[in-house]
Amino acid sequence: MRISVIGCGYLGAVHAACMAKLGHEVVAIDVDERKISELQAGRSHFFEPGLPELLHEVLQTGRLKFSSNIADARGSQVHFLCVGTPQRKGEYAADLKYVDAAFSSLIDALEAGNLVVGKSTVPVGTAARLADDLLERFPEATLAWNPEFLREGFAVKDTLSPDRLVYGVPSGEDGHRATEQLDEVYAGPMGLGTRRLVVDYATAELVKSAANSFLATKISFINAMAEVCDAAGADVTLLADAIGMDDRIGRKFLNAGIGFGGGCLPKDIRAFMARAGELGADQALTFLREVDDINLRRRIRVVELTRQLVGGSLLGKRITVLGVAFKPNSDDVRDSPALSIAAQLQLQGADVTVTDPEALSNAKGRFPELTYEPDFNAAVTKANALLVLTEWDQYRSLSPADLASQVTSKNILDGRNVLDPVQWRAAGWTYQGIGRP
Ligand code: NAD
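Residues numbered from 1 in each chain as written. Predicted model: local features only at pLDDT ≥ 70, side-chain atom pairs only at ≥ 80, totals over all residues. Heavy atoms only, no water.

Some words on the overall build of the protein
Rules: Runs of E in the DSSP output that reach at least two residues are strands. Runs of H or I that reach at least four are helices, and both are numbered from the N terminus. C-alpha atoms define the radius of gyration in this analysis, and the globule rule sets the expected value at 2.2 Å times the number of residues to the power 0.38. In this scheme, a residue with accessible area under 20% of its type's maximum is buried, one over 50% is exposed, and one in between is partly exposed, where area comes from a 1.4 Å probe on protein chains only.
Looking only at helices and strands, the protein features 18 helices and 14 strands. Here the C-alpha atoms of the protein give a radius of gyration of 23 Å, agreeing with the 22 Å that 2.2 N^0.38 yields for 437 residues. Counting only C-alpha atoms, the protein reaches 70 × 50 × 40 Å along its principal axes. Out of the 437 residues belonging to the protein, those deemed buried represent 54%.

Notes on the environment of Ala 271
Selection criterion: Only heavy atoms enter the contact rule, under which two residues are in contact if any of them lie within 4.5 Å.
By secondary structure assignment, the location of Ala 271 is in helix α11 (residues 265-278). A relative accessible area of 12% means that Ala 271 is categorised as buried. Along the primary structure Ala 271 and Phe 66 are separated by 205 residues, whereas in three dimensions their C-alpha atoms are 31 Å apart. Residues within four places of Ala 271 in sequence aside, it is in contact with Tyr 92, Ala 93 and Ala 94.

Points about the site of the ligand
Defined as follows: If even one non-hydrogen atom of a residue comes within 4 Å of a molecule or strand, that residue is called near it. Within 3.5 Å is the distance limit for a polar contact, defined as a pair of N or O atoms, with the added protein rule that one can donate a hydrogen and the other accept it, and that residues adjacent in sequence qualify only through two side-chain atoms. The classification used treats Ala, Val, Leu, Ile, Met, Phe, Trp, Tyr, Cys and Pro as nonpolar, Asp, Glu, Lys and Arg as charged, and all other residues, Gly among them, as polar. Each domain's extent is set by a domain assignment, obtained either automatically or from a database.
By nearness alone, 26 residues border the ligand, and Leu 11, Asp 30, Lys 35, Thr 85 and Lys 267 come closest of all. In the model, an oxygen atom of the ligand is placed 2.9 Å from a nitrogen or oxygen of the Thr 121 main chain. Within the side chain of Arg 334, an N or O atom sits 2.8 Å from an oxygen atom of the ligand. Here the residues of the shell around the ligand are counted per class, giving 12 nonpolar, 6 polar and 8 charged. Two domains each donate at least three residues to the shell around the ligand, and these are domain 1 (2-199) and domain 2 (233-437).

Considerations on the pattern of salt bridges
This is how the line gets drawn: One side-chain nitrogen of Lys or Arg within 4 Å of one carboxyl oxygen of Asp or Glu is enough to make a salt bridge.
Counted under the stated rule, the structure contains 29 salt bridges. Linking Arg 137 and Asp 133 is a salt bridge whose minimum nitrogen-to-oxygen distance equals 3.3 Å. Highlighted residues: Arg 137 and Asp 133, both in helix α5 (residues 126-137), separated by 4 residues, approximately one helical turn. For Arg 137, a relative accessible area of 38% translates into the label partly exposed. Relative accessible area serves as the criterion here: at 23%, Asp 133 is assigned to the partly exposed category. We note a salt bridge from Arg 151 to Asp 158, for which the minimum N-O separation is 2.8 Å. For Arg 151, a relative accessible area of 38% puts it in the partly exposed group. Each of Glu 227, Glu 290, Arg 297 and Arg 298 takes part in one network of salt bridges that share partners.

Quick word on the domain arrangement of the protein
To be explicit about the condition: Here the buried area means the combined drop in accessible surface, using a 1.4 Å probe, for two parts upon being joined, counting both sides.
Parsing the protein into structural domains produces domain 1 (2-199) and domain 2 (233-437). Averaged C-alpha coordinates put domain 1 and domain 2 at centres separated by 33 Å. Taken residue by residue, the interface counts 17 residues in domain 1 and 20 residues in domain 2. Across the domain 1 to domain 2 interface the summed buried area is about 1500 Å²; carbon plus sulfur atoms make up 53%. Among the residues domain 1 hides against domain 2, the three largest losses belong to Phe 47, Tyr 92 and Glu 152. Together they make up 46% of the total. Taken together, the links from domain 1 to domain 2 amount to 1 salt bridge. The salt bridge involving Arg 334 is made with Glu 152; its shortest N-O contact spans 3.5 Å. Here domain 1 is connected to domain 2 by 8 residue pairs in polar contact (both at pLDDT 80 or more).

Written as structure tokens, this is what we have:
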């Protein structure tokens, strides 16, 4: 099929490359010319494992092209909207200005029979509003909403073989045709057994908000248990292992630590609360405010634990933060708890050095005041405390014996509970986990 992808960020660039991999002819469009020239040259403007190799492969076939001109979407049969939906400044609600602008700019490029497919995460009701708009401005095209569930770090795999596909389509003949068009787009993954659900617009939009709310709640639940474990002298990792053995609960997403962040969960649960309020259903989601509060409290707690770890005062203490991306295998620092903790420690008088395998330049763009050190050994030298805040593999496998001679004080805070306290303590370190005695 001939496909256009509007918006080439973390979602759109991967989607475009994967659609070309599935055999489609793809034009991927972004208003940011720097991103377009990087992608056209086969380089990804962000870190995502497997994406550079995939770009290289599909660019060679000639099936993938990049453009900064929306007019180049003309001739495509299916148009995916993949632009950002950030939190509005000073509010909980999502800012839909990029979705609205991209949608409007696309109208002139549409042809009869085209399908416009929203992939961005939007408040429920957005698709119905845009469908009405489309009916007025170009009734020969149809709108569908196909929320995206990819995980950064696994984005290529998640796009080529997703857990499930959700199509939000209108009722009647238009809906049947939209479903057939999307089935053709996703014939590859469906042939491999990916399940697909066809629902109405509102349900499709809510599936995404509900899924992210559930994941955020699971993380905040175990972090709340960590708070109680701290107070009671219990171990939250053993507690998580034990409750996770119950199939109904499951062990995934039960890792206590510094909490969730990134470009999705925090803003999506807030936008969901705001939208529920507009719909008069705010009571249903008041628990999400608590989920958000528990999550933000983690950051304050880690600052306090660090203060205790270095003897009661942060002033002048050399603290090294290992990992600043919001999760490993990503360079994304949007709402990163690690970056927020690093900044807070610095504001409170510590001398903070941050290292990370991929996220330093993004972090520097947000908090230029911190010291960024790409060389791991230089970063840890003479530290009064090391803080593992993003669980990159290289930090999980650190050797307490090797590090001992480099630091000034053998203090380590394990913000993701990924190190073995017995091993670190045996090597003479003061080990501090989260919710662990
Ligand atoms: P992003 O900020 O990385 O990318 C958005 C891109 O859209 C940017 O490159 C921007 O320049 C471009 N853009 C903005 N206006 C445009 C326009 N009018 N025309 C063309 N391009 C335009 O954001 P993202 O992380 O890729 O997220 C996009 C959407 O996908 C959001 O709604 C997000 O919630 C959702 N989502 C993201 C992920 C993820 O892991 N990042 C996963 C699932 C869903």
